[in-house]
Amino acid sequence: MGQIMKNITRVSIWRWTIIAFVGAYLLIPVFAMLEFSTRGAPGERSTEAWLAIPTFPKLLSSISTSLQLAFIVIFLVVFVLVPTMIWVHLRLPNLRRYMELVCLLPLTIPAIVIVVGIAPTYRALYQVFGSSPLTLSFVYFVLILPYSYRSISASLLSIDSHTLSEASRSLGASTIRMISGVIVPNIKVGIMSGAVISIALVLGEFTISNLLNFETMQVVINLLGKRDAATSVAVSLAALVFAFILLAILPTANKTRSSKLKTKRKVEAATK
Amino acid sequence: MELSNSFHLFVELILESSLKGKEVVGLKKIGTNNLFRSSLPYLGILPFGLLVLFFLIWPTLVVISGALQNLDGGFGLGSLVEVATNDKYLNGFKVSIQLAAYSAIAGAILGALFSWAIARGNSEGYFRRLVLAASGVFAQFGGVMLTFAFLATFGFNGMLTILANSFFGENIFTDASWLYSLMGLVVVYTFFQIPLMLIVFLPAIENLKPEWKEASESLGGSTANYWFRVGGPILAPSFLGALLLLFANAFSAYATAAALISQGAPIVPLQIGFAISGEVSRTNPGISKALAVGMILIVVLVMFGYFKLQSKVSKWVKS
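None of the values given here were measured: they were computed from a predicted structure. Sequence positions are assigned chain by chain, starting from 1 and proceeding in written order. Chain labels run from A onward and ligand labels from 1 onward, assigned in the order the entries are written. It should be noted that, the model being predicted, local features are given only for residues of pLDDT at least 70 and side-chain atom pairs only at 80 or more, the latter also being counted only at that level, while totals for whole chains, interfaces and linings use all residues.

Chemist: Mind showing me how you'd approach the overall build of chain A here?
Modeler: On a plain count of helices and strands, chain A comes out with 14 helices and zero strands. Listing every helix and strand of chain A by position from the N terminus yields α-α-α-α-α-α-α-α-α-α-α-α-α-α. Here the globule rule is a power law, 2.2 Å times the number of residues to the power 0.38, and the radius of gyration is based on C-alpha atoms. Compactness check: chain A gives a C-alpha radius of gyration of 23 Å against a globular reference of 19 Å for 272 residues, more than 25% above the reference. Along the first, second and third principal axes, the C-alpha set of chain A runs to 75 × 75 × 30 Å. Out of the 272 residues in chain A, the part that is buried amounts to 43%. Any residue pair is listed as a contact if its two C-beta atoms, each placed from the backbone, are within 7 Å. Across chain A, contacts joining residues at least 24 apart in sequence account for 79% of those joining residues at least 6 apart. A run of H or I in DSSP counts as a helix once it spans at least four residues, and a run of E counts as a strand once it spans at least two, with each numbered from the N terminus. Exposed residues have 12 or fewer other C-beta atoms within 10 Å of their own C-beta, buried residues have 20 or more, and partly exposed residues fall in between, where C-beta atoms are placed from the backbone.

Written out as structure tokens, the structure reads:
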């Protein structure tokens with residue numbers, strides 16, 4: 001008995017030492033941002049840098065641009081990626097492997113490489129959409145594919161989509177209704193966690209927007225850093241906290257297991 | 001008429017296959033005699049296909065074909081040869097690989113220990129949820145913000161710089177230039193490698209069954225025995241796979257280095273950035289593309305290893 005107790009305390013000492021060390025590595029820089037952005041006169045704290053955020057109109061418009069981009073990317077995920085994935089999953093199973101390959105491809109093609117080759121695409125895009133920074137949403141959609149594909153695919157595989165689609169078909173539902181009314185509600189968790197990762201990625205993206213000269217939040221924060229370091233640190237911290245809150249309150253992949261159980265129970269209840 | 005007809009066929013197919021106990025593959029079989037009808041389902045993937053074609057496939061092909069240019073713009077291997085022989089670019093690849101390798105190793109080891117520490121805790125608890133959310137954010141938020149965070153910590157006026165100087169007297173940390181060296185970049189990159197490691201490695205650690213540990217103990221094995229003989233070998237493919245993913249992640253990163261380093265271009269992504277935004281592209285458009293092809297080759301090689309190891313892992317988990 002004493003031996004087991006000793007083992008348990010030893011394990012928990014190790015555990016908390018590791019958590020404290022890695023936690024310090026990750027949290028000290030974040031805390032330093034807070035400290036740096038609230039510096040006032042020597043020995044005093046000040047909110048000056050934070051209050052200065054609204055006084056930079058360019059900063060505000062870039063934040064709005066980045067939020068709009070995030071919104072459009074989520075729109076594309078929900079109305080292009082999700083239906084395509086369901087369609088391929090149910091009707092074109094022979095394409096499943098290729099779909100996965102394509103979706104994971106951006107992992108092997110760095111963003112900086114895409115920038116190098118995207119000039120002709122943007123020349124064509126310019127003819128249709130003009131030079132709006134919102135055209136970045138198409139590239140961002142490609143960048144987030146590996147992450148959104150994985151979370152949606154995990155949800156899709158965890159439900160019995162074939163039975164669901166056959167059931168809704170036999171009750172006379174159209175394809176659109178089958179996808180939007182039956183399948184999508186069942187893979188909501190995967191879609192949501194895919195969407196949240198997309199928000200984090202879009203709000204943090206710098207490489208492509210900087211090299212294509214579009215003024216997204218990160219590009220403007222970077223420029224501002226040279227003039228008003230404290231305010232740009234304050235905005236960075238705010239964006240970090242914003243993404244953190246989104247990720248913390250929205251359901252994570254952890255929950256897919258319980259939702260799988262729930263679906264199973266639902267199916268069992270329905271078949272009884 | 002057509003529709004109800006095919007519906008009947010569909011129902012028949014279901015009945016038939018359910019009698020045989022086989023899964024229905026789909027509607028495909030019904031219209032095989034009619035090429036148009038059988039290709040109809042493929043229209044459903046058109047919007048997605050177009051997006052991927054224009055924003056992923058086409059740019060990649062542009063890069064590859066653009067790399068096959070001589071320095072004067074004509075077709076040939078000139079740019080690739082220039083990149084493969086010029087010391088400036090070779091050194092860029094060397095430093096990039098070192099940076100990616102060191103930060104991947106540091107991130108993988110610290111991240112694996114961290115995953116173990118988190119896995120030992122309550123799997124439904126708030127602490128884990130917070131850690132996972134924070135990891136999701138930290139793993140994605142490289143770049144400008146990360147640079148600011150480290151400058152606010154170790155920079156000339158950084159929090160720890162001031163603290164250290166007031167503790168140990170002047171001039172201990174006044175010089176923040178170490179941040180811009182290779183080791184400084186490794187320290188900064190490791191910041192986003194640890195959370196990524198947690199995200200990819202935690203599931204592997206959680207798949208370790210407690211029964212295995214009990215079995216090892218009941219046979220008289222110590223904790224060290226368990227980790228060297230049982231846990232370690234089981235986790236090895238996952239760990240190596242994650243290590244490769246971290247390598248590719250750091251090797252591809254541009255934003256952090258671009259925001260941190262304002263002079264010179266010690267790593268390949270920065271060299272590419274300079275090549276497309278600077279004069280080089282006008283005088284020699286092939287260089288950025290040749291460098292990009294070099295990057296693709298290395299990342300594809302690394303990710304190929306990753307996917308191989310992944311399939312090994314999934315075999316293990318299923319059996």
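Chemist: It is not clear to me how the overall build of chain B should be interpreted in this structure. Could you clarify?
Modeler: Regarding its fold elements, chain B presents 15 helices and zero strands. Counting all 319 residues of chain B, 40% fall into the buried class. Put simply, of all contacts in chain B between residues at least 6 apart along the chain, 69% involve residues at least 24 apart.

Chemist: Would you take a moment to explain the interface of chain A and chain B for this structure?
Modeler: Where interface size is given, it is often the accessible area lost as the parts come together that is meant. The partner chain B presents 67 residues to the 67 residues of chain A that form the contact. Amino acids outside the nonpolar list (Ala, Val, Leu, Ile, Met, Phe, Trp, Tyr, Cys, Pro) and the charged list (Asp, Glu, Lys, Arg) are all regarded as polar, and Gly is one of them. Grouping the constituent residues of the side of chain A that touches chain B by class yields 50 nonpolar, 13 polar and four charged.

Chemist: Would you mind showing me how to read the environment of Lys312(B) here?
Modeler: Within the secondary structure, Lys312(B) is located in helix H15 (residues 286-318). Lys312(B) sits 170 residues away from Gly142(B) along the chain, and the two C-alpha atoms are 30 Å apart.

Chemist: Quick question: what am I supposed to make of the packing of helix H5 (residues 87-119) of chain B against helix H9 (residues 182-206) of chain B here?
Modeler: Angle between the axes and distance between the axes: these two values describe a pair of packed helices. All names here are of chain B. Viewed as axis vectors pointing N to C, H5 and H9 meet at an angle of 45°, and their least axial separation amounts to 5 Å. Taken as axis vectors, H5 and H9 run oblique relative to one another. Where H5 crosses over H9, the handedness of that crossing is right-handed. A fitted line through C-alpha atoms represents every axis, and for helices the fit uses only the stretch in contact; the resulting angles, taken between N-to-C directions, go from 0 to 180 degrees. Roughly parallel refers to an angle under 35 degrees, roughly antiparallel to one over 145, roughly perpendicular to one between 65 and 115, and oblique to any angle outside these ranges. Take the far helix as the reference: if the near one is turned anticlockwise from it by less than a right angle, the crossing is left-handed, and if turned clockwise, right-handed.

Chemist: Which parts of the structure should I look at to understand helix H12 (residues 217-227) of chain A?
Modeler: Every α-helix carries 3.6 residues per turn, so stepping three or four residues along brings you back to the same face. The element H12(A) is extensively covered by neighbouring structure, given that eight of its eleven residues are classed as buried. All buried positions along H12(A) are accounted for by Met217(A), Gln218(A), Val219(A), Val220(A), Ile221(A), Asn222(A), Leu224(A) and Gly225(A). Taken together, the buried residues of H12(A) touch helix H3 (57-91), helix H10 (188-204), helix H11 (207-211) and helix H13 (229-249) of chain A together with helix H7 (143-154) and helix H12 (255-260) of chain B.

Chemist: Before we go on, may I ask you to explain the packing of H5(B) against helix H11 (residues 223-252) of chain B in this structure?
Modeler: Residues and elements named next belong to chain B. Closest axis-to-axis distance for the H5/H11 pair is 8 Å, and the angle between their directions is 135°. Classified by the angle between their axes, H5 and H11 sit oblique to one another. Handedness of the crossing formed by H5 with H11: right-handed. Every residue of H11 that contacts H5 at Ser96, Leu99, Ala100, Ala101, Ser103, Ala104, Gly107, Ala108 and Ala112 is listed here: Phe239, Ala242, Leu243, Leu246, Phe247, Ala250 and Phe251. Per-class residue counts for the contact of H5 with H11 are 13 nonpolar, three polar and no charged.

Chemist: Looking at this structure, I do not really get the confidence of the model for chain A. What am I missing?
Modeler: For any part of a model where pLDDT is low, the fine detail of the predicted coordinates should not be relied upon. Residues and elements named next belong to chain A. Per residue, pLDDT captures the predictor's confidence, and it can take any value from 0 to 100. When pLDDT is averaged along chain A, the result is 85, and 91% of the positions lie at 70 or above. Mean pLDDT values for the elements of chain A range from 54 in helix H14 (residues 256-271) up to 92 in H3. Here residues 253-258 is modelled with pLDDT under 50, and outside its nearest four sequence neighbours on either side it reaches nine contacts, counting other chains as well.

Chemist: Got a minute to help me understand the confidence of the model for chain B in this structure?
Modeler: Residues and elements named next belong to chain B. Averaged over every residue, the pLDDT of chain B is 81; residues scoring 70 or more account for 83%. Confidence, read as mean pLDDT per element, is least for helix H1 (residues 2-20) in chain B (46) and greatest for H5 (93). This stretch, residues 1-5, has a pLDDT under 50; its non-local contacts, to residues over four places away or in other chains, come to zero contacts. A low-confidence stretch, residues 7-28 stays under pLDDT 50, and its non-local contacts, those more than four residues away or across chains, total 16 contacts.

Chemist: Would you mind showing me how to read the environment of Phe127(B) here?
Modeler: Secondary-structure assignment places Phe127(B) in helix H6 (residues 126-140). Separated by 71 residues in sequence, Phe127(B) and Leu198(B) have C-alpha atoms that sit 14 Å apart.

Chemist: Hey, could you run me through the environment of Ile114(A) in this one?
Modeler: By secondary structure assignment, the location of Ile114(A) is in helix H5 (residues 111-117). Sequence-wise, Ile114(A) and Val139(A) are 25 residues apart; in three dimensions their C-alpha atoms are separated by 8.7 Å. Not counting residues within four places of it along the chain, the set of residues in contact with Ile114(A) comprises Ile109(A), Val139(A), Ile208(A) and Pro59(B).

Chemist: Sorry if this is basic, but what is going on with unusual backbone geometry here?
Modeler: Negative phi characterises most residues that are not glycine, and trans characterises most peptide bonds. Even without being a glycine, Asn213(A) presents a positive backbone phi close to 60°. Note on placement: Asn213(A) falls in the loop between H11 and H12.

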